[in-house]
Amino acid sequence: MPVEDALARLLALAEGAPISTCERVALAEADGRVLAEPLVAGLDLPPWDNSAMDGYALCLADWQGEPLPVSQRVLAGSAPQPLQPGTCARIFTGAPLPAGADLVEMQENAEVLADGRVRFLEPLKTGQNVRPRGQETRTGETVLPAGTRLGPIEMGLCASLGAAELVVRRRPVVAVISTGDELVPPGQPLGPGQIYNSNRSLLIAWLKRLGCAVLDAGILADDLELTRKALAELADVDLILSTGGVSVGEADFLGVALREEGELALWKLAIKPGKPLTFGHFRGVPVIGLPGNPASTLVTFGLLARPYLLRRLGVEEVQPLGFAVPAGFTWRKPGNRREYLRARLENGRAVIYPNQSSGVLRSAAWAEGLVEVLEGTTLAEGDTLRFIPLSELQA
Ligand code: AMP
Ligand code: MG
C-alpha cells in the first residue's frame, strides 16, 4: 500500500472518530492544544492610531513649514489631549496619536530650537509613522479558525486580543504499549538477549508534545493471553499505540487479539523503514500497531500516526512541510518502497547517515530531517528530492 493511501485511510478513520469534547483552559495552559472555537477579535488592533516612532505628532494641513511649539507629551499608556492648532506633540512609540494629528516625524529629523520650538528638516507626509487603528485586525474578524494548533505565536496573538481563556479540544488519551520479550526498561541490568526499550520513551515524549495525555501501559511480553488482558484494560482510551509484534512473524499476538475481539487491517506499506502497520479496533477502541524497530517507529509515527491523531482533533493541516533540496549522495538501486532516509543539510545539499538500518535510532538523532526517495527511482548528486525537517514532525 502506498504511503499516501495509508494516510488517506487513516485520515478518513480519524474523521469518523473525532475527539470533539471541549474544555476551557487558561491561555497559559494552551500550548500544544487545538482550538475548538475560532478566535474572533473582540477589538480593533491596534485599538487606536498610534505612533511607530519616537518623535513629534502634528497636523499636516495645519502646518506652513514653520517651527512648532510643543503643546503636550504623550507617552505609551497615556491618554492624549486633542492637538492644539498650531502646535505639535512630543510622542513616543506606541503612544496614542492625539486627535487632530495625522502624522509623526521621527526625532532624528527634527531640531529643537533654543526657544523649545521644533523645526522639521524633511518634507512631511500625511500618515507617516502612524500605525492606524485596526491595521492588524478589525473587531469581528476571525483571527484563528477552529482546528488551529496553538503554539507560542498563536498564544501571543490570543493575548494581543485579550483572550484570557480558550476553548480547546480535550486531550486525547493514548495508551502506549511496548511489546517484546526482549525489552527491559532503562535502569535495570540487561540479561542475555535483552535490549532496552527505546520506543516507549520516544513515543511518550512525542505524544505529550502533541497535546496527548499518555497512559503508559509498559512492556508487554509476547503472549496472547497477556496481550488480550492488556488490551481489555484499556477500554477507556482514545487510542492504543503499540510497537513491535506486527510483522507477520510468529509473535504477532496483537494481530491475533484484534482479529478475535475486534477488527484488524494489516497493511504492508510501501515504506522503508516501517513496512508492517496494523490498524484495528479492540472492543471499539482504535489500535495502531507500529513496527518495532526504532527508526521504523519514528517514521511511521511521524508520517502516519501523528497526522491521524491531529485529524481526530480537527486539525486541517496535518502533513509536515517539506522542501526541495539537491541530493548530496547517489542512489543507484531503485526500491519498490518509498524510503525515508535520515539526512542532514550540508552546504545546501542533503547527505545521509551511512547506516540507514531501521534498528539504528542514532541515525535520526544525527539527522535534521528525512529525505524521501520515491519508489522506483535512482538519484544522482544534484537531483532534487523532498526534505522533511524532523522539527516539523516533532512539533
Ligand atoms: P518486532 O516488530 O517485534 O519483530 O520488532 C522488530 C525489531 O525491533 C526487533 O529487533 C525488536 O527487538 C526491536 N524492538 C521492538 N520493540 C522495541 C522497543 N520498544 N525498543 C527497542 N527496540 C524494539
Ligand atoms: Mg517483538
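Just above, that's the structure.
Everything in this summary refers to the structure shown in the same document. Remember, predicted model here, so these are calculated numbers, not experimental data.

To continue, consider the overall build of the chain. From N to C terminus, the chain includes eight helices and 26 strands. Taking 2.2 N^0.38 as the reference for a compact globule, 395 residues should give roughly 21 Å; the C-alpha atoms of the chain span a radius of gyration of 30 Å, well beyond that estimate. Taken along the three principal axes of its C-alpha coordinates, the chain extends 95 × 50 × 40 Å. Looking at the chain as a whole, 46% of its 395 residues qualify as buried. Of all intrachain contacts in the chain linking residues separated by at least 6 positions in sequence, the fraction that spans at least 24 positions is 68%. Accessible area for the chain stands at about 18400 Å²; split by element, carbon and sulfur atoms hold 52% of it. Averaging the positions of the 37 positive and the 46 negative side-chain charges in the chain gives two centres separated by 4 Å.

With that out of the way, let us pick up the sheet that holds strand β20 (residues 276-282). With respect to topology, six strands assemble into an open sheet ordered β16-β13-β17-β21-β20-β18, the strand pairing being mixed. Looking at the sheet topology across the chains shown, the edges are occupied by β16 (213-220) and β18 (262-268). When strand polarity is set aside, the average angle formed by the axes of neighbouring strands in this sheet is 15°. Of the pairings in the sheet, the one linking β18 to β20 comprises seven bridges and is antiparallel in character. The residue bridging Leu266 from the neighbouring strand is Thr278, located in β20.

Before going further, it helps to spend a moment on the pairing of strand β25 (residues 369-373). For a regular strand, side chains alternate in direction, first toward one face of the sheet and then toward the other. Taking burial as the measure, the five residues of β25 include five buried ones, the bulk of the element. Alternating residues of β25 divide into Gly369, Val371 and Val373 and Leu370 and Glu372, and every residue in both groups is buried. Taken together, the five bridges between strand β23 (residues 338-346) and β25 define a ladder with antiparallel strand orientation. Its bridge partner being in β25, Arg342 is matched across the sheet by Leu370. By the bridge criterion, four bridges tie β25 to strand β26 (residues 384-389) in an arrangement that is antiparallel. When the bridges of β26 are listed, Leu370 appears paired with Ile388.

Another point: the environment of Asp223. Tracing the backbone shows Asp223 in the loop between β16 and α4 (224-232). Among the residues examined, Asp223 registers a relative accessible area of 31% and is labelled partly exposed. Remark: the alpha-carbon pair of Asp223 and Asp252, spanning 29 residues in sequence, is separated by 9.0 Å. In terms of polar contacts, Asp223 uses its side chain to reach the backbone amide nitrogen of Leu226, at 2.8 Å.

Close contact between helix α1 (residues 3-15) and helix α6 (residues 294-312) brings their axes to 8 Å; oriented N to C, the two are set at 25°. With respect to their mutual orientation, α1 and α6 come out roughly parallel. α6 is crossed by α1, and the crossing has right-handed handedness. Only Leu303, Leu304, Pro307, Tyr308, Arg311 and Arg312 of α6 make contact with α1, whose side of the interface consists of Val3, Ala6, Leu7, Leu10, Leu11, Leu13, Ala14 and Glu15.

Grouped together as the largest cluster of nonpolar side chains are 45 residues, with contacts concentrated most on Leu207, Leu241, Ile288, Phe301, Leu304 and Leu309. When residues of this core are traced back to their parent elements, those giving at least two are α1, β13 (173-179), α3 (199-209), β17 (239-243), β20, β21 (285-290), α6 and α8 (390-393). With nine residues, the top contributor of residues to this core is α6. Each of domain 1 (3-20 + 170-312) and domain 4 (323-390) accounts for three or more of the residues forming this core. When neighbours within four sequence positions are excluded, Ile288 is seen to be in contact with Leu10, Leu239, Ile240, Leu241, Ser242, Thr278, Phe279, Ala305 and Tyr308.

As a further point, take the site of ligand 1. Residues in close proximity to ligand 1 total 15 residues, the closest being Glu182, Asn197, Ser198, Gly245 and Asn293. Within the side chain of Asn197, an N or O atom sits 2.7 Å from a nitrogen atom of ligand 1. Here a nitrogen atom of ligand 1 sits 3.2 Å away from a polar atom, N or O, in the main chain of Gly292. Here ligand 1 loses 75% of its free accessible area of 480 Å² to cover by the protein chains. Of the residues contributing to the shell around ligand 1, the split by class is four nonpolar, 10 polar and one charged.

A word on the packing of α3 against α6. In the contact formed by α3 and α6, the axes pass within 11 Å of each other and the chain directions differ by 25°. What the angle tells us is that α3 and α6 run roughly parallel. Helix-helix and strand crossings are classified by hand; for α3 and α6 the assignment is right-handed. Side by side, α3 and α6 meet where Asn199, Leu202, Leu203, Trp206 and Leu207 of the first sit next to Pro294, Thr297, Leu298, Phe301, Gly302, Arg306 and Leu309 of the second. A class-by-class count of the residues in the contact of α3 with α6 yields eight nonpolar, three polar and one charged.

Applying the stated criterion across every chain yields a total of eight aromatic pairs. With 4.6 Å between their ring centres and 55° between their planes, Trp206 and Phe301 make a pair best called tilted. With Trp206 in helix α3 and Phe301 in helix α6, the pair connects residues that are 95 residues apart, well separated along the chain. Phe301 carries the same exposure label as Trp206, and that label is buried.

What counts as what
- Residues numbered from 1 in each chain as written.
- Chains lettered and ligands numbered in written order.
- Predicted model: local features only at pLDDT ≥ 70, side-chain atom pairs only at ≥ 80, totals over all residues.
- Heavy atoms only, no water.
- Helix = DSSP H or I, 4+ residues; strand = E, 2+ residues; numbered from the N terminus.
- Rg over C-alpha atoms; globule rule 2.2 N^0.38 Å.
- Buried < 20%, exposed > 50% of the residue type's maximum accessible area, 1.4 Å probe, protein only.
- Contact = heavy atoms within 4.5 Å.
- Areas by Shrake-Rupley, 256 points an atom, 1.4 Å probe, with all protein chains shown as cover.
- Lys, Arg positive; Asp, Glu negative; His and termini not counted.
- Charge placed at Lys NZ, Arg CZ, Asp CG, Glu CD.
- Pairing = 2+ DSSP bridges.
- Axes fitted to C-alpha atoms, helices over the stretch in contact; angles between N-to-C directions.
- Polar contact = N/O pair within 3.5 Å; in protein donor to acceptor, adjacent residues only side chain to side chain.
- Parallel < 35°, antiparallel > 145°, perpendicular 65-115°, else oblique.
- Left-handed = near helix turned anticlockwise from the far one by under 90°.
- Core = buried A, V, L, I, M, F, W, Y, C linked by side-chain atoms within 4.5 Å.
- Domains from an automatic or database assignment.
- Near = heavy atom within 4 Å.
- Nonpolar A, V, L, I, M, F, W, Y, C, P; charged D, E, K, R; others polar.
- Phe/Tyr/Trp six-rings, centres within 6.5 Å; stacked < 30°, edge-to-face > 60°.

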